[in-house]
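Chain by chain, the residues:
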Amino acid sequence: MTTALELNVEGNGFRFRNRFNRFKNLPELMNIFKECADIRMRHSLDLDVPALKGGNYVISATEPDWYTKSVMEEFVRRAEAIHNGNVDPSVDNFLKITNDARLLGTDARLLEPTAPANPDGKLNQAADNIYREYKEAEEKGIIGTQLVFCDIGTPKKNWSEDMLEDGYYDRGNPFDVYNYIKSELVRKGIPADEIAFVHDAKTDAQRETLFRQMRQGVKKIMIGSTEKCGTGVNVQTHLIAMHHLDCPWKPSSIEQREGRGIRQGNENPEIDVYTYVTEGTFDAYLYQLVENKQRFISQIMTSK
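Residues numbered from 1 in each chain as written. Predicted model: local features only at pLDDT ≥ 70, side-chain atom pairs only at ≥ 80, totals over all residues. Heavy atoms only, no water.

Novice: How would you sum up the packing of helix α6 (residues 122-140) against helix α7 (residues 177-188)? Please name residues and give values.
Specialist: The interhelical angle for the contact between α6 and α7, taken along N-to-C directions, is 45°, at an axis separation of 10 Å. Regarding the angle of α6 to α7, the classification is oblique. Relative to α7, α6 is oriented so that their crossing is right-handed. Counting all contacts with α6, which are made through Leu123, Asn124, Ala126, Ala127, Asp128, Ile130 and Tyr131, the residues of α7 involved are Val177, Tyr180, Ile181, Glu184, Leu185 and Lys188. Here the residues of the contact of α6 with α7 are counted per class, giving 9 nonpolar, 1 polar and 3 charged. (Axes fitted to C-alpha atoms, helices over the stretch in contact; angles between N-to-C directions. Helix = DSSP H or I, 4+ residues; strand = E, 2+ residues; numbered from the N terminus. Parallel < 35°, antiparallel > 145°, perpendicular 65-115°, else oblique. Left-handed = near helix turned anticlockwise from the far one by under 90°. Contact = heavy atoms within 4.5 Å. Nonpolar A, V, L, I, M, F, W, Y, C, P; charged D, E, K, R; others polar.)

Encoded structure:
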């Protein structure tokens, strides 16, 4: 167990936390483990896989707007009331704050449909980056496909051209990440039929058809969740970029996402991996949690 300062859930400061995040007596532990396990990691196999463009991830950090800041202040008040025992757990609790904060970090309209749109928010930044990668591939004369990962804000209805109308969400229509991203990309000039949701493929046959279209470049952009677009999804042939719109709870989920493109069979020597975070929100806390989990997992998997 180690004690260290960590960001708190409500995002307004730090607290000391005791967490299990590393092993002692690692050589002895590994000698016991290797009696029944033979570990081979990607970095030790020298596989022919794409490298990260520029040698690192692209971190796209956005500033929260006034509305997001005001809601975060409300989270602080809620958290203090819970800490002081002034709230019945059936009314409010940290699990509820955690869920609300995760939605807010992606887009305030996921938490409150009438919230104002943030023109500089992470979803608009993602749309800009996706479109730029799309146009750069066109200019190079290559088939450039992209994967966009988001576990929250999954599609509530099928996309339609009605969603391109000004004020569509202001009129009470349900907001979701997938349809919003697609609408922004179509506004920029990407044909709607080149953008797919993995959720649209309901059967195994439909999924295989969709994945084949991605491998052939018929579909250029696929948006999906870790569960539906992770293990077993082979669409790597022409992938030039992957985008993390949110942070999953487990390090293995990030590995599975990135394994869709950083793998053998991708014809591109380099690939961009974008990570989107909203500063001063739950995003930072969640990435911190994943880092703590990965620290002791990496000890076992690398013997370091």
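Back to the write-up after that little detour.
Novice: Could you give me a rundown of α6, with the residues and numbers involved?
Specialist: Between its terminal C-alpha atoms α6 stretches 27 Å, which fits the 27 Å expected from 19 residues at 1.5 Å a residue. Remark: Gly141 follows α6 within two positions and exhibits a positive phi of approximately 75°. (Expected span 1.5 Å × (residues − 1).)

Novice: Let's hear about the nonpolar core: which residues, and what values?
Specialist: Here is a general trend for soluble globular proteins: nonpolar side chains tend to be buried in one another's company. Judged by nonpolar contacts, the single largest core of 32 residues is most densely connected at Val177, Ile181, Leu185, Ile221, Ile223 and Leu245. Among the secondary structure elements, those contributing two or more residues to this core are α6, α7, β6 (195-197), β7 (221-224), β8 (239-244) and β9 (270-278). Setting aside residues up to four positions removed in sequence, Leu185 forms contacts with Ala127, Ile130, Tyr131, Ile190, Ile195 and Ile221. One finds Ile82, Ile97, Leu104 and Ala115 within the second-largest nonpolar core, a separate group that totals 18 residues. (Core = buried A, V, L, I, M, F, W, Y, C linked by side-chain atoms within 4.5 Å. Buried < 20%, exposed > 50% of the residue type's maximum accessible area, 1.4 Å probe, protein only.)

Novice: Give me the lowdown on empty space enclosed by the protein, citing residues and values where you can.
Specialist: Evaluation of the coordinates by the stated rule reveals 2 cavities of 30 Å³ or more. There is about 140 Å³ of room inside the largest cavity. For the lining of the largest cavity, the leading source of residues is helix α4 (residues 94-106), giving 3 residues. In the lining of the largest cavity, the residues fall into 3 nonpolar, 7 polar and 4 charged. Around the second largest cavity, the lining residues are Tyr134, Ala137, Glu138, Ile142, Gly144 and Lys220. Looking at the lining of the second largest cavity residue by residue, the class counts come to 3 nonpolar, 1 polar and 2 charged. (1 Å grid on protein atoms, 1.4 Å probe; cavity = no way out; pocket = protein on both sides within 12 Å on 5 of 7 lines; lining within 4 Å. Points joined across faces, edges and corners; volume = space filled by probe spheres on them.)

Novice: Tell me what's going on with the side chain of Asn118, and back it up with residues and numbers.
Specialist: Topologically, Asn118 is positioned in the loop between α5 (108-111) and α6. Once residues lying within four places of it in the same chain are set aside, the contact partners of Asn118 are Glu63, Asp65 and Asn124.

Novice: So, the packing of helix α3 (residues 66-83) against α4: which residues are in play, and what are the values?
Specialist: A pair of packed helices is captured by two measures, namely the crossing angle of their axes and the spacing between those axes. Orientation of α3 relative to α4, taken along the N-to-C sense of each, is 170°, at an axis distance of 11 Å. On the basis of the axis angle, α3 is roughly antiparallel to α4. Contacts between α3 and α4 involve Thr68, Val71, Met72, Phe75, Arg78, Ala79, Ile82 and His83 from the first element and Phe94, Lys96, Ile97, Asp100, Ala101 and Leu104 from the second. Each residue belonging to the contact of α3 with α4 can be placed in one class, and the counts come to 9 nonpolar, 2 polar and 3 charged.

Novice: I'd like a description of the pairing of β9, backed by residues and values.
Specialist: The element β9 is extensively covered by neighbouring structure, given that 8 of its 9 residues are classed as buried. Pairing geometry for strand β3 (residues 51-52) and β9, over 2 bridges, is parallel. Bridge assignment links Leu52 to a residue of β9, and that residue is Ile271. Bridge analysis of strand β4 (residues 58-62) against β9 gives 5 bridges, and the strand direction is parallel. Its bridge partner being in β9, Ala61 is matched across the sheet by Val277. The sheet contact formed by β8 and β9 spans 4 bridges and is parallel. By the bridge assignment, His244 is partnered in β9 with Thr275. In this view, the connection linking β8 to its parallel neighbour β9 by way of helix α10 (residues 251-258) has right-handed handedness. (Pairing = 2+ DSSP bridges. Right-handed = clockwise from strand over helix to strand, strands pointing away.)

Novice: Describe the pattern of salt bridges, listing the residues and the values that go with them.
Specialist: Across all of its chains, the model carries 16 salt bridges by this definition. In this structure, the salt-bridge partner of Asp128 is Lys188, at a minimum N-O distance of 2.7 Å. Of the two residues, Asp128 sits in helix α6 while Lys188 sits in helix α7, which places them 60 residues apart along the sequence. Ionic contacts of the salt-bridge type, sharing partners, join the residues Arg78, Asp92, Lys96 and Asp100 into one network. (Salt bridge = Lys/Arg side-chain N within 4 Å of Asp/Glu carboxyl O.)

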